[in-house]
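Notes for the structure review
This is what each chain is made of:
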Amino acid sequence: MIEPFRYEPKPGRVIFGAGRIAEVGKAVEELGGKRALVLSTAGHESLADDVVKRLGSLAAGKFAGAIMHTPVETTDKAMRCVRESEADCIIAIGGGSSIGLGKAIALRSDLPQIAIPTTYAGSEMTDILGETKEGAKTTLRSPKVLPETVIYDVDLTLGLPPRISAASGMNAIAHGVEALYAPDRNPVVSLMAEEGIRALAAGLPTIVSSPADIEARMLAQYGAWLCGTCLGAVAMALHHKLCHVLGGSFNLPHAETHMVMLPYTAAYNAGAAAGAMSKVAQSLGAEDAVYGLYELKRRLVGPLSLRDLGMPRDGIERAAQAACANPYPNPRPLELDGMRQLIADAFAGGPPS
Ligand code: NAD
């Protein structure tokens, strides 16, 4: 039976394929831009330099100071650069850190944005912005922060190390898994989630063994686009909220925390979301969603447990309490005992109980 639904696609142009970064100048012109400011992290300034070179007279300059979790102090500095360079559009190249800075600038200036992602985090497809001020992270939604154009060029991902690729790809799969049991799910987004999980699960193991395999990279980037679209379209639940609590409480890395947690959050919800889990299993080509996710994680490279990420054992109780403090819609209600078990399992890193 088809359940009642509401579907609101978000605007945006997506340009996908090898070598498509060559069209960055055309993308600026399509947005009516004449002076683009290019953003990157300091570690990947060469990506920004390459875009500036390609833009020629359409470049207003670069700001290579993006930082993870978008601190407002960094955004203030970048805003000065926007004003001084008289930029009329923003190009963010890199992972979620660069793209977050582009969104923070767009929120304050309403300038149009082009996002050129080089990881699988999916931020480029959402109207969500997370910012940090004095150590506290807040999240908001605004149509102003959704990039107008996204360029997915597989060539830019070939150098992404296997460890980062694996964690980032599992981060993307998590968007798809939660979309399938979201209270506001709809048939289009569910199709995207299934196809996105399938593509990522097919691409990631090959990427780990052969990082420059272009077919596998394309599958992963295609899956990241689909799963990022899911993240922007429907409400996320336990998995994303718990990763947020764990990351904030113990200063854990974003993508790696998602990678560690996914089989355990899926196990917590499995009994209450049987339909969604059977779709996840099918997309993974596994008999069971929870063990399919656990096995996929083990076939990749990276941390397997919260202990591997450096969380202290005595953090389990604190995290369980914090996770249950502010309830939200989730297939299975948030229960303290269950949460303790989930976090203890993820701390140990063995098969989910
Ligand atoms: P990131 O941008 O910090 O990149 C992760 C790692 O990949 C870094 O070490 C970076 O140096 C490396 N990297 C990136 N591109 C590379 C390349 N081309 N070659 C080699 N290495 C490269 O982090 P992320 O995992 O992409 O994103 C996480 C951030 O994005 C977090 O702050 C998270 O909160 C945010 N995020 C936001 C949303 C949203 O919708 N607002 C969605 C997902 C993630």
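Here, the structure is the one placed above.
Residues numbered from 1 in each chain as written. Predicted model: local features only at pLDDT ≥ 70, side-chain atom pairs only at ≥ 80, totals over all residues. Heavy atoms only, no water.

1. Details of the site of the ligand
- Among the 21 residues in the neighbourhood of the ligand, the closest are listed as G96, S97, T118, T119 and T126.
- A distance of 2.7 Å separates an oxygen atom of the ligand from a polar atom in the side chain of T119.
- The contact in question runs from a nitrogen atom of the ligand to an N or O atom on the backbone of I128, over 2.8 Å.
- Across the complex, the protein chains shield 81% of the 860 Å² of accessible surface that the ligand would expose by itself.
- Top contributing element to the shell around the ligand by residue count: helix 4 (residues 96–109), with three residues.
- Of the residues assigned to the shell around the ligand, the class counts are eight nonpolar, eleven polar and two charged. (Near = heavy atom within 4 Å. Polar contact = N/O pair within 3.5 Å; in protein donor to acceptor, adjacent residues only side chain to side chain. Areas by Shrake-Rupley, 256 points an atom, 1.4 Å probe, with all protein chains shown as cover. Helix = DSSP H or I, 4+ residues; strand = E, 2+ residues; numbered from the N terminus. Nonpolar A, V, L, I, M, F, W, Y, C, P; charged D, E, K, R; others polar.)

2. Here's the deal with a nonpolar patch on the surface
- Nonpolar side chains collect at one region of the surface, where I2, F5, Y7 and V188 lie side by side and expose about 400 Å² of accessible area between them.
- By the element assignment, Y7 lies in the segment before strand 1 (13–16). (Patch = residues over 30% accessible without salt bridge, like charges linked within 9 Å, V, L, I, M, F, W, Y side chains within 5 Å. Salt bridge = Lys/Arg side-chain N within 4 Å of Asp/Glu carboxyl O.)

3. A few points about the packing of helix 10 (residues 274–284) against helix 11 (residues 289–299)
- It is at 8 Å that the axes of helix 10 and helix 11 come closest, and there the two elements cross at 40°. It follows that helix 10 is oblique to helix 11 by the angle criterion. In the packing of helix 10 onto helix 11, the handedness of the crossing is left-handed. In contact with M277, V280, A281 and L284 of helix 10, helix 11 contributes A289, G292, L293 and L296. (Axes fitted to C-alpha atoms, helices over the stretch in contact; angles between N-to-C directions. Parallel < 35°, antiparallel > 145°, perpendicular 65-115°, else oblique. Left-handed = near helix turned anticlockwise from the far one by under 90°. Contact = heavy atoms within 4.5 Å.)

4. Considering the packing of helix 5 (residues 162–180) against helix 8 (residues 238–250)
- Taken N-terminus to C-terminus, the directions of helix 5 and helix 8 make an angle of 135°; their axes are 9 Å apart at the nearest point. In terms of their interaxial angle, helix 5 and helix 8 are classed as oblique. Between helix 5, through A174, H175 and E178, and helix 8, the contact on the second element is made entirely by L238, H239 and H240.

5. Description of the sheet that holds strand 5 (residues 113–117)
- Read from one edge of the open sheet, six strands run 1-8-5-4-2-3, paired in parallel fashion. Since the sheet does not close on itself, it has two edges, and those belong to strand 1 and strand 3 (59–66), each with one partner. Between one strand axis and the next, the sheet turns by 15° as a mean value, whatever way the strands run.
- Of the strand pairs in this sheet, strand 4 (residues 89–94) and strand 5 are connected by five bridges, and their pairing is parallel. Note that in strand 5 the partner of I91 across the bridge is I114.
- Set on the sheet, helix 7 (residues 214–233) makes contact with strand 1, strand 5 and strand 8 (149–152); between it and strand 1 the angle comes to about 170°. (Pairing = 2+ DSSP bridges.)

6. Quick word on the packing of aromatic side chains
- All chains considered together, the criterion is met by three aromatic pairs.
- Seen in terms of ring centroids, F16 and Y152 are 6.0 Å apart; in terms of plane orientation they differ by 50°. Their pairing is tilted. Pair noted here: F16 is in strand 1 and Y152 is in strand 8, with a separation of 136 residues, a long-range link.
- Exposure remark for F16: the relative accessible area of 26% places this residue in the partly exposed category.
- Geometrically, the ring pair formed by Y291 and Y294 is edge-to-face, given 6.5 Å between the ring centres and 80° between the ring planes. Of this pair, Y291 and Y294 both sit in helix 11, three residues apart, which is roughly one turn of that helix.
- Judged by relative accessible area, Y294 falls into the buried class, the value being 5%.
- The ring of Y328 carries the charged tip of K241 above its face, separated from the ring centre by 5.4 Å.
- A cation over a ring is seen here: R332 above Y268, with NZ or CZ 3.8 Å from the ring centre. (Phe/Tyr/Trp six-rings, centres within 6.5 Å; stacked < 30°, edge-to-face > 60°. Buried < 20%, exposed > 50% of the residue type's maximum accessible area, 1.4 Å probe, protein only. Lys NZ or Arg CZ within 6 Å of the ring centre and 35° of its normal.)

7. Thoughts on unusual backbone geometry
- One non-glycine residue, D110, adopts positive backbone phi at about 60°.
- Tracing the backbone shows D110 in the loop between helix 4 and strand 5.
- We note that N251 has phi near 55°; this positive angle belongs to a residue other than glycine.

8. A few points about the environment of I15
- Here I15 is to be found in strand 1.
- With a relative accessible area of 9%, I15 lands in the buried category.
- Sequence separation of I15 and G25 is ten residues, and the distance between their C-alpha atoms is 13 Å.
- Among all residues touching I15, those that are not within four sequence positions of it are R20, E23, T149, V150, I151 and Y152.

9. Here's the deal with the side chain of S142
- Here S142 lies in the loop between strand 7 (136–141) and strand 8.
- Among residues more than four places away in sequence, those in contact with S142 are L107 and D127.

That is the geometry; function is a separate question.
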